[in-house]
Amino acid sequence: MASPIFPFQDRQHQLSRDRISATSRVVSIFGSDPLDERHRIKNGNGKENYDGNRNRSSLVSETESLERKLVRKIDLRLCTIAGLLCSLNLLDSGIIGSASVTTIFEDLGLGVGNRYSISILVYTVASVTFQLPATVAVRIIGPRLMFSITTVGFGIITMCTAFITNWEQMVGLRILLGVFQSAIFPGLSYLISTWYTRKEQQLRFAFLQSGEVIIVGLGAFLNYGLNHLSAVGGLTGWRWMFLIQGLITIVVGFVTYLWIVDFPEKSHQSFHLLSSEEQAFAETRITEDRGDVEAEDFAWKNCIVHFLDPKIYAFCALFFCLNLVSTSLSYFLPIILQSGMGFSTDQAILLSAPPYFYAVLPVILSSIVGDRYQLRGLVIIFNSICTVVGFSLLGFSSQVTVRYVGTYLATGAYVSNWAAMNAYQTSNIVGQWKRATFAAAITACNGLGGIAGSFIFRQLEAPRYMTAIWVSIGSHIMIILIVAILSLHFWFANRRQGKGKMVIEGSKDFRYAY
């Protein structure tokens, strides 16, 4: 039989299969008896019979209740700390962005030529270089140890930045920062994808992004306050930004060891997380969804072979195009507000925060829709259109208010697309090392987009920054085209698999989500 034409029809079929398997889950894992005493009924002769329909309905309801409880527990332990770690990772761009409108250019000589862009570039190059081995290390060493060590490490580096005296020292520390932060985004994306079923993932990536943008937004207010500590203790305002936020990061690094979870099959190694029955239930959920709970023995060939899958290059291109925008806005938004729209230093720092708070709304709403109806490609296309509109307002309007509204649309849309694109790729691959390889490769290309994005805003083009405007618009038109082609391919592949003409991802029961 051919697969359903519309994604929400696929979802209805999946929900039916979930209900059918619910009884076997509870019986096999929790030892529940289908003939539960609560569902005995008496017939006219006073003898007891069993109400099978009522029993099955109650058992399915019990399973769904247990599943919700399990997912909430994982959300609390994983999404919270993951969002915090990614936020601290992003705070680097927030600190540099806020510092860029203070005295850091004069103090370190960053205002000469492209030195500021170079300091951003070297960080990204270092991060991209180490992302694949760092992601593999998350699997081998374990998330608790890996993320706690790297977080404490980049906290120390951030704190040390407060005491540098020239731009060469800035470049050296940013290379080290890129190395220590290389595991954060791909490692956490990989870890999240192993815990949740495909129909749950986009909302979890949205939780991750929401935590990030809220803290990044609050970081702008923190930077505003720290900038007013200038001359206190002999340190200028931008030095206080690096010092305080570096100390905060170190504290979070130690907390990470106790709070973050391990992989599902090793969750018993986590600190007070799941009972043995809950761990078995968590593994069963993933096995039923895609059958890749256990990882094969590590060998580099188990990673490298996945570069033969054309999907990896399509997903890499999507993230490259996306990060052209996200890097340019995150690093340069205060500069755009100051030199492009005429705001003062304090106003530029403060006004860079609200677009991030607004971004929580579209990322959560679009992810709820995406998960509920299993719509991936259409959500990405809608967000990309919003980004194009936002940059058009920023670039072609003459009114400051309209241009500022454009930053809201662009920020909300690209943040939403980060969650949507992650769900798009994790929903369409199977296998632990494949997930690790895709996560690392995609984050690396995301970083390469950041390298390009660091050069598209040119000070000489203020206040319009037309190169950045046209590149950002063009990149999102490219995203729309790639997603359209990829989703059409997924649709045809599902139809062929439904007719028995091919096998997707090595499983006859697997279907692409588009």
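Check the entry above for the structure.
A few points on the structure. None of these values were measured; they are calculated from a predicted model.

## Describing the overall build of the protein
Inference 1: When its secondary structure is counted, the protein shows 18 helices and 2 strands.
Inference 2: For the protein, the proportion of contacts with a sequence separation of at least 24, taken over those separated by at least 6, is 80%.
Inference 3: Of the roughly 20700 Å² that the protein leaves accessible, carbon and sulfur atoms contribute 65%.

## Remarks on the environment of Ser 366
Inference 1: Looking at the element boundaries, Ser 366 is found in helix H14 (residues 354-372).
Inference 2: C-alpha separation for the pair Ser 366 and Ala 206, spaced 160 residues apart in sequence, amounts to 8.8 Å.

## A word on the packing of helix H7 (residues 184-195) against helix H8 (residues 201-227)
Inference 1: With their axes 10 Å apart at the nearest point, H7 and H8 run at an angle of 145 degrees to one another. Our pair here, H7 against H8, has a crossing hand that is right-handed. Along its contact with H7, which presents Phe 185, Ser 189, Ile 192 and Ser 193, the element H8 presents Gln 201, Arg 204, Phe 205, Leu 208 and Glu 212.
Inference 2: Counted by class, the contact of H7 with H8 contains 4 nonpolar, 3 polar and 2 charged residues.

## What to know about the environment of Cys 79
Inference 1: Locating Cys 79 in the fold gives a position in helix H2 (residues 52-99).
Inference 2: A relative accessible area of 7% places Cys 79 in the buried class.
Inference 3: If we ignore the near neighbours within four places in the chain, the residues touching Cys 79 are Ile 74, Tyr 196, Arg 204 and Phe 207.

## Thoughts on a nonpolar patch on the surface
Inference 1: On the surface, a nonpolar cluster with roughly 930 Å² of combined accessible area is contributed by Ile 140, Ile 141, Leu 145, Ile 149, Tyr 257, Leu 258, Phe 271, Phe 298, Trp 300 and Ile 304.
Inference 2: For the nonpolar patch, the secondary structure elements donating two or more residues are helix H4 (115-141), helix H5 (143-160), helix H9 (237-259) and helix H11 (300-304).
Inference 3: Position of Phe 271 among the secondary structure elements: in the loop between H9 and helix H10 (276-289).

## Here's the deal with the pattern of salt bridges
Inference 1: According to the stated counting rule, one finds 12 salt bridges in the structure shown.
Inference 2: Across the pair Glu 278 and Lys 73 runs a salt bridge whose closest N-O atoms are separated by 3.2 Å. Taken together, the positions of Glu 278 in helix H10 and Lys 73 in helix H2 put the pair 205 residues apart, joining distant regions of the chain.
Inference 3: Glu 278 sits in the buried class, given a relative accessible area of 13%.

## Observations concerning the environment of Val 293
Inference 1: Mapped onto the secondary structure, Val 293 falls in the loop between H10 and H11.
Inference 2: Judged by relative accessible area, Val 293 falls into the buried class, the value being 7%.
Inference 3: Beyond its immediate stretch of four places on either side in the chain, Val 293 contacts Glu 265, Glu 283, Ile 286, Thr 287 and Gln 432.

## Considerations on the nonpolar core
Inference 1: By size, the foremost hydrophobic cluster in this structure holds 135 residues, and its most contacted members are Leu 78, Ile 104 and Trp 195.
Inference 2: Residue contributions to this core peak at 15 residues, all from helix H12 (residues 311-340).

## Looking at H10
Residues spaced three or four apart along an α-helix point in a common direction, a consequence of the helix completing one turn every 3.6 residues.
Inference 1: Its 14 residues place the ends of H10 20 Å apart at the C-alpha level, agreeing with the 20 Å of an ideal helix rising 1.5 Å per residue.
Inference 2: Listing the buried residues of H10 in full gives Glu 278, Gln 279, Phe 281, Ala 282, Arg 285, Ile 286 and Asp 289. Each buried residue of H10 lies within a common arc of 160 degrees when the element is viewed along its axis, so the set occupies one face.
Inference 3: Of the residues flanking the end of H10, it is Gly 291, one or two places downstream, whose phi is positive at about 65 degrees.

Conventions adopted
Residues numbered from 1 in each chain as written. Predicted model: local features only at pLDDT ≥ 70, side-chain atom pairs only at ≥ 80, totals over all residues. Heavy atoms only, no water. Helix = DSSP H or I, 4+ residues; strand = E, 2+ residues; numbered from the N terminus. Contact = heavy atoms within 4.5 Å. Areas by Shrake-Rupley, 256 points an atom, 1.4 Å probe, with all protein chains shown as cover. Axes fitted to C-alpha atoms, helices over the stretch in contact; angles between N-to-C directions. Left-handed = near helix turned anticlockwise from the far one by under 90°. Nonpolar A, V, L, I, M, F, W, Y, C, P; charged D, E, K, R; others polar. Buried < 20%, exposed > 50% of the residue type's maximum accessible area, 1.4 Å probe, protein only. Patch = residues over 30% accessible without salt bridge, like charges linked within 9 Å, V, L, I, M, F, W, Y side chains within 5 Å. Salt bridge = Lys/Arg side-chain N within 4 Å of Asp/Glu carboxyl O. Core = buried A, V, L, I, M, F, W, Y, C linked by side-chain atoms within 4.5 Å. Expected span 1.5 Å × (residues − 1). Arc of directions from axis to C-beta.

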